[in-house]
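# Coordinate analysis (summary)
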Amino acid sequence: MRIYIVHYESSKDGYNIQGFANLKRAKSLVSKLKRNHRRDLIVLKKEPKIIHREIPITKKGILNAINYI
């Protein structure tokens, strides 16, 4: 199972990690964050990045995904 993890840091919320099973939603979040940063609605300290992880669908794989996020 593919997991897409979005890392970013903002001045308001601090360090955030969000996980998605769909690449399109992960790219949408990154686009939304960058757009809001340009409009000065939020201040990003670190640019958002997408990390791709391949995690097996087993108890151990799901626990690893939960512990990572």
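Read on for an overview of the structure.

Conventions we followed
Residues numbered from 1 in each chain as written. Predicted model: local features only at pLDDT ≥ 70, side-chain atom pairs only at ≥ 80, totals over all residues. Heavy atoms only, no water. Buried < 20%, exposed > 50% of the residue type's maximum accessible area, 1.4 Å probe, protein only. Helix = DSSP H or I, 4+ residues; strand = E, 2+ residues; numbered from the N terminus. Pairing = 2+ DSSP bridges.

Most of strand β1 (residues 2–10) is tucked away: 7 of the 9 residues are buried. Direction of pairing for β1 relative to strand β3 (residues 44–54): antiparallel, over a ladder of 8 bridges. Looking at β3, one finds that S10 is bridged to L44. Two strands pair when backbone bridges link them, and β1 and strand β2 (residues 14–20) are joined in this way by 7 bridges, in the antiparallel orientation. Of the residues in β2, the one forming a bridge with Y8 is N16. Hairpin connection of β1 to β2: 3 residues between the antiparallel strands.

The values are spatial; any link to function lies outside them.
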